[in-house]
Amino acid sequence: MTKKQIPITCSKCGTQYTTEIRDVIDVSNDPAAKQKIINGTLNNSQCPNCGAVNKIVTPLLYHDPGKELLIAMVPMEVNATKNQQEQIVGELMNQLPKDNFKGYMFNPRRALTMNGLVEQILQADGVSPDEVKQQQAQERNHIELLQKFLEAQSEEVMQALIKEHDAEIDEQFFQTLVGLGQRSTEGGRPDVAQQLVYLQSALIELSTYGQQLQAQQQQLMQEVNDAVNELGAEAQHEDFLDLALQYADSPNHLQTLVRLLRPVFDDNFFQQMNLKISQLPAQAREKVETLRERMKTILAALDQQAQANAVSLLQAVINHPEPEALLRANIQVVDQNFVNVLQANIQHAESRGDVQTSARLKEIEGIVNNITGEMQDVTVFLRELIQSDEPEVLLRANPDKINDNLLTILMLNIEGAQQSGETAVAQRLSQLYNIVVAIVQEDMKPELRFVNDLLTVEDDAQAKTMLNERIEEFGDELIEVMDAVEEMLGAQGEPALIKRMKLLRQEAQKTLEA
């Protein structure tokens, strides 16, 4: 697969930047590129300024030696004459290896659109035009069902819909949901993308297939965690490369490994991987080269999603009346990706002389710097707590350090330890979290402390029982506290807790009105 750099202008914000495109695809060297063509992500480029995904239309040569399939696509948008088209195809053909040139390669098939190219690829795979139409019809049905879910007016309606359509919620349905979420993000609709994320969480929890998928993912994560732990604390890039090679024929394990250890797979890792490839005999290189491209594809998707999340948050913060509150509620997204997007937007605003936007963005930058500094101080204090034999004594001696920042950092570290399989660390951090919460609750209003208790019990049924037993102690003021907590959870993006809070709020209102 050949690559080249071209200058483009973002279709959304007008930023000019250089991006990489591919114009010759050989699936024997890069199987992942075939899937990119089919799902429409080949030659998509994400703007470093606004995060919009620009679809680049360019001539393309597709080659599958195993099927003796060669297709040249010169899109109509190029507006080339017949002679110019032949010249373009000839230039693309010149990039193919000259050795092992076969007869079918003298006369490549033609396609005028990406859809036409995809249809020919699928037909070569044995997928008939009727089957393609059937898949398209199925996707339309899935989108219609997704629309019903998104239009549900309450949790009860949503649950009833999921139960009613449980048999229709399968692997293909989830693929449609995820694809629609990606297209919403790329199309500048982070609000829709967020709704789909919430819906996906509900479907995983409530549908039969979702529960099966969750169990499989948990098992997969455990297997990969165990394999990583066996490498030991002194594991090097070479050790992780060997583990990745073990997962070369298991896409799910490989994707889980890359997601779990994203920082490990940096430029140095791939330099070492390239060195290993160069030292292998020719017949053994293809498997490792294919693995390299698959890993880069996974990483690109992860990084694109991280940047899209950063762009979405920045857009929300710019328009929010209380930017600091929103940033603190989404502190897990305020990372280097967010800082990079913020700085790119500042530079773009300054370059076009937009003083007002530049001032707003610099105000946000100042807030981010303050929050980052605070979080660094909290991290230092957390390290002291972890090492202390009497953490509660240390906490009570430093009441000024018991705040939302400490709870946030603790929760983020607990989630990180759980995801990486560090059970002992997660347990230690959870103990510290419980101590901090207990100290905080000592000064809470009774209503707020009760709502917190309702949110931390094991299931909704137990929470309902607690509510009905004690609601007379608090009266209408409990409803006001519940509304405030629900708003806070909404800002923090906690769908499971929001769902319980809505359920309990309805139950409390019904009981008080009875």
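Structural data are supplied above this passage.
Now for a look at the structure at hand. Within every chain, residues take consecutive numbers counted from 1 along the sequence as written. It should be noted that, the model being predicted, local features are given only for residues of pLDDT at least 70 and side-chain atom pairs only at 80 or more, the latter also being counted only at that level, while totals for whole chains, interfaces and linings use all residues. Side-chain metrics in this entry use all non-hydrogen atoms of the structure; hydrogen atoms and water are not considered.

## Re the overall build of the protein
Here a helix means four or more residues in a row that DSSP labels H or I, a strand means two or more in a row labelled E, and each is numbered from the N terminus. Within the protein, the regular secondary structure consists of 22 helices and seven strands. With respect to the three principal axes, the spread of C-alpha positions in the protein is 85 × 55 × 50 Å. Here the protein holds 514 residues, and 40% of them are scored as buried. Contacts: residue pairs with any heavy atoms within 4.5 Å of one another. Long-range pairs, those at least 24 residues apart, make up 64% of the contacts in the protein between residues at least 6 apart in sequence. Surface summary for the protein: the accessible area is close to 28400 Å², and the carbon and sulfur share equals 48%. Note on charges: Lys and Arg go in the positive column, Asp and Glu in the negative column, and His and the chain ends are not counted at all. Charge positions come from single atoms, namely NZ of Lys, CZ of Arg, CG of Asp or CD of Glu. Computed over 44 positive and 77 negative side-chain charges, the inter-centroid distance for the protein is 8 Å. Relative accessibility decides the category of a residue: with a 1.4 Å probe and only protein chains considered, values under 20% of the type maximum give buried, values over 50% give exposed, and everything between is partly exposed. Computed with a 1.4 Å probe, the accessible areas rest on the Shrake-Rupley method; for each residue, only the protein chains presented here act as cover.

## Comments concerning the pattern of salt bridges
A pairing counts as a salt bridge when a side-chain nitrogen of Lys or Arg comes within 4 Å of a carboxyl oxygen of Asp or Glu. All chains considered together, the criterion is met by 19 salt bridges. Measuring nitrogen to oxygen at the nearest pair gives 3.4 Å for the salt bridge that ties R22 to E20. According to the relative accessible area criterion, E20 is partly exposed, its value standing at 31%. R328 is paired through a salt bridge with E374; the nearest N and O atoms lie 2.9 Å apart. Pair noted here: R328 is in helix α13 (residues 323–329) and E374 is in helix α15 (residues 355–387), with a separation of 46 residues, a long-range link. By relative accessible area, which is 28% here, E374 ends up partly exposed.

## Overview of the nonpolar core
Ranked by internal contacts, the top residues of the largest apolar core, which has 37 residues, are L313, L327, F338, L342, L395 and L406. The leading source of residues in this core is α15, at ten residues. For this analysis, a nonpolar core means a set of buried residues of the types Ala, Val, Leu, Ile, Met, Phe, Trp, Tyr and Cys, connected via side-chain atoms within 4.5 Å. Counting residues in hydrophobic clusters, the runner-up holds 28 residues, among them L243, V258, L291 and M295.

## Describing the side chain of T15
The topology assignment puts T15 in the loop between β1 (2–9) and β2 (16–26). Overall, the relative accessible area of 12% leaves T15 in the buried class. Here H348 takes part through its side chain, which lies 3.3 Å from a polar atom of the side chain of T15. Excluding residues that lie within four positions of it along the chain, T15 makes contacts with I8, T9, C10, C47, N49 and H348. Distance and chemistry together define a polar contact, namely a pair of N or O atoms within 3.5 Å, with one atom able to donate a hydrogen and the other to accept it when in protein, and with adjacent residues in sequence counting only for side-chain atoms on both sides.

## Topic: the packing of helix α8 (residues 208–231) against helix α10 (residues 251–260)
Put simply, α8 and α10 touch, their axes get as near as 10 Å, and they point 65 degrees apart. Relative to α10, the crossing made by α8 is right-handed. Two secondary-structure elements touch here, α8 through L220, M221, E223, V224, N225 and V228 and α10 through N252, H253, T256, L257 and L260. Each residue is assigned to one of three groups, with Ala, Val, Leu, Ile, Met, Phe, Trp, Tyr, Cys and Pro labelled nonpolar, Asp, Glu, Lys and Arg labelled charged, and all others, Gly among them, labelled polar. Of the residues contributing to the contact of α8 with α10, the split by class is six nonpolar, four polar and one charged. Note on method: axes are straight lines fitted to C-alpha atoms, helices fitted across the in-contact stretch only, with angles between N-to-C directions ranging 0 to 180 degrees. What makes a crossing left-handed is the near helix being turned counterclockwise from the far one by less than a right angle; a clockwise turn instead makes it right-handed.

## Details of helix α2 (residues 82–93)
Its twelve residues give α2 an end-to-end C-alpha distance of 16 Å, which sits within 8% of 16 Å, the value for a rise of 1.5 Å per residue. Regarding α2, the residues found buried are I88, V89, L92 and M93. Along the long axis of α2, the arc covered by the buried residues comes to 140 degrees, so they all point the same way. Exposed residues on α2 whose side chains face more than 90 degrees from its buried face are N83 and Q87. The inward-facing, buried residues of α2 contact β2, β5 (60–64), β6 (69–73) and β7 (109–111). Expected span of a helix: the number of residues minus one, times 1.5 Å. Directions drawn from the helix axis to the C-beta atoms are what define this arc.

These results come straight from atomic positions and should not be treated as a statement about function.
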